[in-house]
Structure formats: structure tokens, C-alpha cells
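In case you want the letters, here they are:
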Amino acid sequence: MSSPSEIRHRHRHRAVATLTAVALSCGAFVGLAATPAMAADPVSLTGIILGVGADESQRIVTWYTSDDVAESVQLAPTAALTGGEFPADAATFSALGGANISTSGGYNRHATLSGLEEDTQYSYRVGFDGNWSATYSFSTKSFEGDFDFLFYGDPQIGASGDVAKDGAGWADTLDVSLAATPNAELLVSGGDQVETANTESQWDAFLGSDRLREVPWVATIGNHDVGGKAYEQHLFTPNTDRSAAYYANGTPSSNTSGGDYWFIYKDVLFIDLNSNSYKTSTGGGGDDAHVAYVTDVVNQHGADAKYTVLVYHHAIYSAASHAKDSDNKVRRVDFPTTFSELGVDLVLQGHDHVYTRSYEIKNGEKANPDEQPGENEIFPGPGGVIYVTANSASGSKYYDITAPDSSGTSGAGNGADPLNPSSYWYNSSQNQEHVRTYVKVAVESDKLVVSNVRAGTCAAPNAAVELARVSWCGPNNGASAAGAVGSVTDEVAIYQNHGDDQDIQVDVPNPAPGEFGWTIDGYNGLVDLGTAVDHQGEYFEATGELNPILVTDTRRTQAPWSISASVSDFRDGDKSFSGKYLGWTPKVLEEGIGAVAGGAIASGFVSGDGLSVSRTLGEGAQGHDRGTAKLGADLDLKIPGSAAKGTYRSTLTITALVG
């Protein structure tokens with residue numbers, strides 16, 4: 001596996017050269033050897049969709065073509081187009097693919113666009129000289145920092161029995177969600193794009209919105225997608241392992257789809273699983289294979305990201321028709337302990353057509369018995385994981401919330417929540433109103449903010465309501481009026497766990513004047529030094545304060561004590577700079593126990609080791625009073641001007657010595 005951090009590093013330094021080289025070499029190849037003879041009828045190019053790549057600098061475009069000819073994607077910055085025409089030096093990316101299954105007809109193609117620059121709008125088209133598709137555009141954002149992505153449950157086009165109505169609801173959800181979050185950078189699937197795996201009219205309706213050609217789609221295989229090859233033909237994914245273990249029948253060449261894949265996007269490691277393969281009796285590797293896959297990916301690439309998000313179709317902590325399915329109970333036993341041990345932050349699921357958000361789950365049990373239903377701030381301990389199930393994003397099908405039973409309140413059980421007996425033991429929030437919803441996830445420096453948002457009302461487009469597939473609509477089983485589009489049914493901030501150490505973060509910008517900021521949370525939050533200020537290219541500087549440290553000493557001996565600390569190197573993927581560049585000025589914030597601040601330590605930018613070696617923050621001599629004191633420090637970070645742009649983190653290790 002290639003490291004995403006290696007890919008990011010390479011593209012940042014060589015992006016322009018890469019695009020130029022591809023335009024020259026591949027353009028010559030296409031012009032001289034691969035332009036097909038023009039037929040009487042033009043070659044049709046359909047089902048175009050923009051997919052996610054291996055990192056921020058890549059996208060994958062997939063489409064269908066009527067003829068087996070050499071095709072490509074032509075790409076250029078939108079600003080370089082003149083009158084809608086691509087420039088002569090536009091980059092060309094050759095496509096791969098083959099014949100579709102007989103029920104689909106035609107051929108499939110895909111191409112990976114690489115070497116993309118950040119903060120750039122691009123235009124692209126597919127085909128070949130003389131036979132190009134319409135032109136579409138997408139925009140890259142900064143390759144660092146906070147971002148939003150949107151998660152959609154089961155469009156399942158065709159599930160209501162009316163493909164057109166389902167497609168209208170799906171298109172409206174895409175429009176509504178992207179109007180509300182116009183800078184969303186990924187659209188993440190919960191699976192079940194369509195009702196019937198190889199029915200192309202359903203795929204046409206699913207792919208009908210141009211939004212899917214503008215913002216990258218992160219595909220997930222659902223149980224309604226897996227029964228044919230159309231899923232793989234329409235949705236090519238990066239870093240995909242298509243080994244037998246990740247197919248339900250153990251046969252990748254058969255008429256079925258499968259595979260597990262991963263990618264890193266702006267410090268989030270996404271891992272996507274084919275949860276249809278969960279047992280070995282049908283030929284695949286079962287859940288054990290997925291557990292091994294996740295373990296391997298996290299071990300190899302987890303250090304390159306600040307969050308780990310898993311995505312798969314079958315919700316193991318849901319509340320509706322599938323909550324008590326035997327296969328989900330198997331997964332509920334097989335998955336959670338590994339996810340906890342690997343430090344997974346968030347698990348996104350579909351399948352049950354209902355919204356649920358779990359309590360903090362650790363090793364298959366509620367981690368904190370005192371966590372209250374619907375809490376809007378969660379501070380997970382080590383191994384704490386939040387599981388979210390998404391409701392229908394198209395309105396094609398809804399499942400109603402079911403009642404708990406007496407099967408237990410841990411492991412595979414579906415017993416009641418002692419704090420809310422109408423809910424399952426594992427769910428902090430459950431919602432079903434028979435209106436379309438989607439999930440927004442805001443990725444921030446020290447937390448993930450998850451919101452379930454209404455995309456529609458009881459009015460059309462809402463196929464299940466329009467066709468009387470359900471008998472009521474609105475909150476409280478229809479007793480209350482439907483909430484407004486854009487209103488939120490549930491929201492939670494999930495804070496990162498930093499253990500007993502303090503993680504320090506600083507943003508290093510491109511050399512230019514800028515602002516910086518810092519924040520301190522009321523818990524052991526991230527010490528964010530903000531964006532460093534450029535000092536005329538010589539060095540960057542950022543300042544802030546250490547989280548306060550409360551020292552308590554009630555020993556009768558009144559023996560001496562000291563608190564010291566040292567800092568690791570600052571890292572962002574494969575980029576780093578020495579911890580010696582961090583200095584501090586300790587201070588006593590609240591006096592007591594004879595506390596005296598340690599000496600000031602200058603940044604090692606000019607000379608010295610800074611805080612890369614252990615330094616005294618505060619100390620008390622023999623015979624001090626018993627009680628408490630609070631220590632802090634002003635931080636001063638001077639970074640060489642040669643440091644690469646990035647968002648760097650370091651760990652401050654605190655040591656207590658007592659006499």
C-alpha cells in the first residue's frame with residue numbers, strides 16, 4: 001500500500017510538472033494511436049460520476065460508453081478555458097475498463113485524476129477527440145484543516161415502486177444538503193444506491209443529479225447493490241482490495257460486487273467495508289477478514305491521520321426493522337472490540353432506514369453508564385466509539401422504530417436502555433419521522449460534530465408518503481407538524497481523547513502575513529497554537545498557553561516535588577520539525593504547596609534544545625504547606641522558514657517527581 005502522506009508530499013511539490021507531462025505524453029498517444037474512427041452515430045457517454053481518490057490531490061471519474069474505444073478524461077483549471085474550450089495543454093488521463101455484464105450492455109470506463117492543486121476549480125470532460133461529453137467542474141479546497149462531509153443513507157432508487165419519485169427525492173436531498181453546506185468536500189454513501197443491483201433505469205435515476213459530478217462520491221456497497229456487477233462498473237474506488245475474502249461468495253470474478261477500500265482525506269482515515277460478506281459458510285472471509293483488513297490499514301496508515309472513520313452498510317446499533325436481525329447480531333459481536341482497540345472515532349452505517357446515534361460504546365458495551373440520552377457533548381475515553389445510522393435520503397422507504405426486548409444490554413442484546421426504556425440500550429438518540437434526512441459531519445481540530453438534518457417535509461418529493469407506503473408523517477408518529485427543511489433532529493460534538501498527555505497543534509501557512517489564534521478547553525483539550533505568523537521568510541512564530549495543571553500534595557512528610565515535561569517532534573504525516581523549537585515561560589497560576597515556577601526556556605531556533613529535553617515546569621521545596629497549586633506556561637514556538645506547509649502535532653509528556 002502507498003502511504004497517503006507520501007502521495008500528498010509528492011503531488012504538492014510536483015503537481016504542475018505532472019499535469020504538463022501527462023498532457024504531452026498521453027495527449028500524443030491519444031492523438032496518434034487511439035482516436036477511433038468516427039461512426040455514423042456518436043459514441044454515447046453516460047452515467048458520469050466523480051469519485052473520491054486516494055487523497056485530496058486525486059479524484060476518480062467513472063462512466064459508461066456505448067463503444068469499446070480508447071477514451072480518457074480531459075482536465076484543466078476552469079480559469080484556463082476560453083469560451084468553454086479546453087486549452088491545448090489540458091491534461092489527459094487515459095481510462096481503463098471493460099465490457100459490462102449483459103444486462104447492462106455497453107462498456108465501463110474509469111480514470112484517476114492526479115496532481116490536483118489545492119484551492120482550484122477544475123473543468124473536465126470524458127471521451128475522445130471529436131466525441132466529448134458535456135463539461136463539468138469541481139473545486140478542490142485547502143489540503144489542510146477543518147472540513148465538512150455529508151453522509152446519506154440508502155437512496156435505494158426504486159424501493160417505493162416509482163423510480164421517478166425516488167429519483168426526485170434523492171436529487172432534492174442533494175440540492176438541499178449542498179445548498180446548506182456549500183463547501184462540503186465529500187458525499188459519503190451508506191449503501192443501497194439502488195433497489196435492484198443491475199437495473200440500469202434505477203442507476204440512471206440515482207446518477208441523474210449533476211451534484212454527483214461536482215462533489216466526490218464515497219461509495220459503499222449495500223445488500224441491494226451487491227447482487228451484480230453494476231455497482232463496480234459505476235463506482236470505481238481507490239486502494240481497493242478485491243481479494244476473495246471481501247466477496248460474500250468468495251469469487252471476485254462472479255456476477256457480484258465486493259471489496260474493501262481506504263483513503264485519507266485531510267487527516268481523516270476512511271475505511272469502507274463490504275459488510276455483505278460476514279460469514280465464511282458462503283465462501284468469503286467473513287467478519288474475521290474485515291477485522292484483519294481494518295487492523296492492517298490502521299496499523300499502516302493510522303498515524304498519518306488524526307481521526308479514523310469506518311463506513312459500512314449493515315447497522316449494528318440501529319432501532320428499526322433490522323435491529324434484531326441475526327446477521328447484525330453477529331457483526332455486533334465481531335466488530336466492536338477491535339474497533340475500540342484500534343482507536344476508531346466514528347462508525348457510519350445504513351440499511352435500517354432510520355436515524356440512530358449510539359452512546360459511547362467500548363468493547364461492545366456502553367462505556368459510561370452515566371451518559372444521558374441525547375447528550376450533545378461526548379468526551380470518549382480510550383476505546384470509546386460512536387456509531388451512527390442514517391435514515392433514507394430519498395424517501396423511497398422508511399422503517400419504523402421497534403421495541404426493545406429482554407435479550408440483554410450488552411454484546412448482541414437488544415434490551416431496553418435503563419435511562420430510556422422505550423429505546424435500545426445502545427442508542428442515545430433515535431428518530432423516525434418519515435421525512436428525508438441526511439447527516440452532516442464537521443471535522444474540526446479537536447472534535448467531530450455530527451448532525452442529523454431534515455432534507456424534506458411530508459410534502460413531495462417524498463415517495464413513501466406520496467404512495468401511502470407509510471400511514472403517518474411528522475414528529476411523534478405524526479402527532480406534531482413536520483419540522484422545517486434544514487432543521488436538526490439531533491446534534492453531538494465528539495471530542496478527541498488525549499490520554500494523560502497534552503497534544504499541541506500549530507498550523508504553518510505558506511510564507512505570507514497572517515493571523516493566529518489559540519483556545520483552551522475546560523477539559524484536557526487540544527492546545528491549539530493557531531496559524532503561525534511568517535517573519536519575512538526567516539521563521540514562523542506561534543504562541544499560546546499550556547493547559548493549566550493542578551498539583552495536589554497532602555503528604556505529611558512535606559517532601560519536595562517537581563513537575564517537568566518534554567515535547568516530541570512536531571509531525572504531519574511524513575513532514576516534521578524538531579520539538580526543540582518550542583520554548584516556554586512557566587508560571588504559578590494559583591499559589592500553594594510552596595510552588596515556584598521553573599525557569600524560562602527559550603526556543604531552540606537560534607541555539608539550545610528547547611523543550612526537546614525535560615524541563616522543570618514548577619517545584620516545591622521540603623517543608624511546604626499541604627494543599628494545591630495550579631501551574632501553567634506561556635508557549636513560544638519559532639519554526640524555521642523552510643518548514644513545509646501543514647498542520648503539525650506534538651505530544652507534551654509530563655513527569656512528576658517526589659522526594
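Residues numbered from 1 in each chain as written. Predicted model: local features only at pLDDT ≥ 70, side-chain atom pairs only at ≥ 80, totals over all residues. Heavy atoms only, no water.

Strand order in this open sheet of seven strands is β13-β14-β15-β16-β21-β17-β24, and the pairing throughout is mixed. Across the chains shown, the open sheet's two edge strands, defined by having one partner strand only, are β13 (261-265) and β24 (427-431). Strand-to-strand twist of the sheet, defined as the mean angle between neighbouring strand axes without regard to direction, takes the value 15 degrees. Helix α5 (residues 286-301) rests against β13, β14 (268-272) and β15 (307-314) of the sheet, and its axis sits at about 160 degrees to β14. (Pairing = 2+ DSSP bridges. Helix = DSSP H or I, 4+ residues; strand = E, 2+ residues; numbered from the N terminus. Axes fitted to C-alpha atoms, helices over the stretch in contact; angles between N-to-C directions. Contact = heavy atoms within 4.5 Å.)

Turning next to the state of the cysteines. Taken as a whole and judged by the stated rule, the model has one disulfide. Here C458 connects covalently by a disulfide to C473, the sulfurs 2.1 Å from one another. Taking the sign of the S-S torsion, -100 degrees for the link of C458 and C473, the bridge is left-handed. You can see C458 sitting in the loop between β26 (447-454) and α8 (463-466) and its partner C473 sitting in the loop between α8 and β27 (488-495), a full 15 residues away along the chain. (Disulfide = S-S within 2.5 Å.)

Below, the discussion takes up the pattern of salt bridges. Two side chains bearing opposite charge may form a pair once their charged atoms approach each other closely. Across all of its chains, the model carries 24 salt bridges by this definition. Of the charged contacts, one joins E433 and R454 as a salt bridge, the two residues approaching to 2.8 Å between their closest N and O atoms. Of this pair, E433 sits in the loop between β24 and β25 (437-443) while R454 sits in strand β26, and the two are 21 residues apart along the sequence. Of the charged contacts in the structure, one is a salt bridge between K587 and E545, with a shortest N-O distance of 3.3 Å. (Salt bridge = Lys/Arg side-chain N within 4 Å of Asp/Glu carboxyl O.)

Right, let's get into the environment of V354. By the element assignment, V354 lies in the loop between β16 (346-350) and β17 (355-358). Here the alpha-carbon distance between V354 and D400, two residues 46 residues apart in the chain, equals 7.2 Å. With residues up to four places along the chain from it excluded, the contact list for V354 reads A319, A320, T389, A390, N391, Y399, I401, N431 and Q432.

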